[in-house]
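One-letter residues, chain by chain:
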Number of protein chains: 2
Amino acid sequence: MRESSTVGESALERDSTLTRIDDGVFEGDVSLDWCIGDAANGGYALSLGLRAIAAVLPLPDPLSSTAHYMRPLVHGPVRIEVETMRIGRTLARGVARMLQDGDECVRVLAVFGALPETPAEPLYAEPRDIVLAPLEECTPLVLNTPGGLTAHVRARFDTRYDPGSVGWARGNPTGRPLLSAWVRAEDGSEPDRFLIPVVADALPCTAFDLAVEQRVLTVELTVHQRAIPAPGWLVCSYRSRLVADGYMEEDGEFWDSKGRLVGMSRQLAILPRIS
Amino acid sequence: MRESSTVGESALERDSTLTRIDDGVFEGDVSLDWCIGDAANGGYALSLGLRAIAAVLPLPDPLSSTAHYMRPLVHGPVRIEVETMRIGRTLARGVARMLQDGDECVRVLAVFGALPETPAEPLYAEPRDIVLAPLEECTPLVLNTPGGLTAHVRARFDTRYDPGSVGWARGNPTGRPLLSAWVRAEDGSEPDRFLIPVVADALPCTAFDLAVEQRVLTVELTVHQRAIPAPGWLVCSYRSRLVADGYMEEDGEFWDSKGRLVGMSRQLAILPRIS
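Cut-offs used in this document
- Residues numbered from 1 in each chain as written.
- Chains lettered and ligands numbered in written order.
- Predicted model: local features only at pLDDT ≥ 70, side-chain atom pairs only at ≥ 80, totals over all residues.
- Heavy atoms only, no water.
- Contact = heavy atoms within 4.5 Å.
- Buried area = accessible area lost by both parts, 1.4 Å probe.
- Salt bridge = Lys/Arg side-chain N within 4 Å of Asp/Glu carboxyl O.
- Polar contact = N/O pair within 3.5 Å; in protein donor to acceptor, adjacent residues only side chain to side chain.
- Helix = DSSP H or I, 4+ residues; strand = E, 2+ residues; numbered from the N terminus.
- Nonpolar A, V, L, I, M, F, W, Y, C, P; charged D, E, K, R; others polar.
- Pairing = 2+ DSSP bridges.
- Least-squares fit on C-alpha atoms with pLDDT ≥ 70 in both.
- Axes fitted to C-alpha atoms, helices over the stretch in contact; angles between N-to-C directions.
- Parallel < 35°, antiparallel > 145°, perpendicular 65-115°, else oblique.
- Left-handed = near helix turned anticlockwise from the far one by under 90°.
- Buried < 20%, exposed > 50% of the residue type's maximum accessible area, 1.4 Å probe, protein only.

Student: In this structure, what is going on with the interface of chain A and chain B? I would like to understand it.
Tutor: The extent of an interface is frequently quoted as the accessible surface area lost upon association of the parts. With 57 residues of chain A at the contact, the number on the chain B side is 56 residues. Taking both sides of the interface into account, the surface hidden between chain A and chain B amounts to around 5300 Å²; carbon and sulfur atoms contribute 58%. A per-residue breakdown of the area chain A buries against chain B is headed by Tyr124, Arg226 and Arg241 of chain A, which together make up 14% of the total. In this structure, the salt-bridge partner of arginine 226 of chain A is glutamate 249 of chain B, at a minimum N-O distance of 2.9 Å. Inspection of the region where chain A meets chain B yields 34 residue pairs in polar contact (both at pLDDT 80 or more). If one sorts the elements of the side of chain A that touches chain B by residue count, strand β17 (residues 261–270) of chain A sits on top with seven residues. Here the side of chain A that touches chain B is composed, by residue class, of 30 nonpolar, ten polar and 17 charged. Taken together, the two bridges between strand β15 (residues 242–244) of chain A and strand β9 (residues 124–125) of chain B define a ladder with antiparallel strand orientation. Following the sheet pairing, leucine 242 of chain A is matched in β9 of chain B by alanine 125 of chain B.

Student: What should I look at first to understand the relation of the copies chain A and chain B in this one?
Tutor: Between the two copies of the chain lies a relationship made up of a rotation around an axis and a movement along it. When chain A is fitted to chain B, the residual RMSD is 0.0 Å, and the transformation amounts to a turn of 180° plus an axial shift of 0.0 Å. In the structure described here, the two chain copies are related by an operation that fits a two-fold rotation axis. In this assembly the copies share their binding face: 98% of the residues contributing to the interface of chain A also contribute to that of chain B.

Student: How should I be thinking about the pairing of strand β6 (residues 76–87) of chain B in this particular structure?
Tutor: Both faces of the sheet carry side chains from a regular strand, because those side chains alternate between them. Residues and elements named next belong to chain B. The pairing of strand β2 (residues 25–30) with β6 spans six bridges and is classified as antiparallel. Counted as the bridge partner of glutamate 27 is arginine 79 from β6. The sheet contact formed by β6 and strand β7 (residues 92–100) spans eight bridges and is antiparallel. Of the residues in β7, the one forming a bridge with isoleucine 80 is methionine 98.

Student: It is not clear to me how the packing of helix α2 (residues 42–54) of chain A against helix α3 (residues 195–202) of chain A should be interpreted in this structure. Could you clarify?
Tutor: In helix packing, the relevant descriptors are the interaxial angle and the interaxial distance, both defined with respect to the helix axes. Residues and elements named next belong to chain A. It is at 7 Å that the axes of α2 and α3 come closest, and there the two elements cross at 160°. One finds that α2 runs roughly antiparallel with respect to α3. α2 and α3 meet at a crossing whose hand is right-handed. Side by side, α2 and α3 meet where Gly42, Gly43, Tyr44, Leu46, Ser47 and Leu50 of the first sit next to Pro197, Val198 and Asp201 of the second. Taken together, the residues that form the contact of α2 with α3 break down as five nonpolar, three polar and one charged.

Student: What am I meant to see in helix α3 (residues 195–202) of chain B here?
Tutor: Three or four residues apart is the spacing at which side chains of an α-helix point the same way, because the helix has 3.6 residues per turn. The element α3 of chain B is largely enclosed, with a buried count of eight among its eight residues. Along α3 of chain B, the positions that sit buried rather than exposed are Leu195, Ile196, Pro197, Val198, Val199, Ala200, Asp201 and Ala202 of chain B.

Right, dumping it as structure tokens:
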């Protein structure tokens, strides 16, 4: 099912190709492969915006990046305008405006730095505390959303869900907005600084296990990246603590195969039909 | 020590006065009262930026706001330029650029909405899980930072620390980057949508209890606000999970006197002298 691709570009790289048409201005194509329905997954949109910022800034790693979603970014051409905010010695900041037909759909604000190739011993690292069965006991599933839209983006990942997660997919919502899974790119490519933002938003919403049967729309997504991920499976967990008044947050954690916390995400999302 | 101030403006309101000098352009003054040394506390800077955005947008509540700190915003005049990003029916977005001497110091990106005066029963709410002794067993302290800078902002709050927190202030760091406290504005004013962002960054850094004896600089701060806080004490907790390679994150939770989770924050900070 998965082909090794140690040579050549990954599917994400291929689908994040940007052409520089002017100083800080890029054109690209929102690939249907990373959409839900015909709208870009929020993590893919963020990742694409970060590629444009990375092409302008002198530092490689998006330490903290925030995307605001204003309009659906749909399958098709996209124009990305990058503004350099401030370039320092250890930190560099940029903004990407992602436009379709002249309308801004997504804005990304990010601070880049340089993560060490070999991390030092942490001053403090909380141990991983995620309920996740061993890989061989977890179920590979490619899940759509309850609303019936095709979640193309899910087919880009080999995702092995913990047996206690995604009860809704078996017709039996767990009642707890928690999800944990082993995750790899389906093409066999290894996780990197542009894949983590996609992973942050690509799995099914935790609220589906509260029997929420509608699309949940990301309003804002922030991803911190703290280490360069080691090759291999990611351990991913997602959790919500408050689903109320039509809004929810979803927090993600991403651990690499060496047991390091490589990323953390938080999003605010809106449940349009629940007031 | 605290005077009731049900009539008149709060200290924060007084120190957040902005004058509109052009369409979307404001002038104000960064008050020393909310500084650490002579630089604005990051939460106060965010709150001030949100005031400017709020003056332009038609919706009242900053649901999610992100500040990027590029240069110290120091005690003295500040110019704030607001850009309206998108105004919809339920969400409105804006950006504030905060400038001193023509240089941008802080950029704030926020999405506003309208939180209900009377919250509905949540679809899901995780119970509060914070170790915090009863108010009368907690210690009122006004703490400076280990580096010796005066933390003026701390005197703006009546803060009662849990006995298990801020061991460093008693010369005995706990070794755990956790902090919990009861918090109110020192002037007796009640918490609101502009105070929560300040609270998110005003307490001592969790890393001080790892025997870190230096100022920790906020790189980026994101605050979600999920409910209008009820009058009374806030229960605040702060936690870090990874302090490594010169970076740390700090997550805050803010609960009102009715036991509701009203806000959540996460910041990325840099420890300049720890590589």
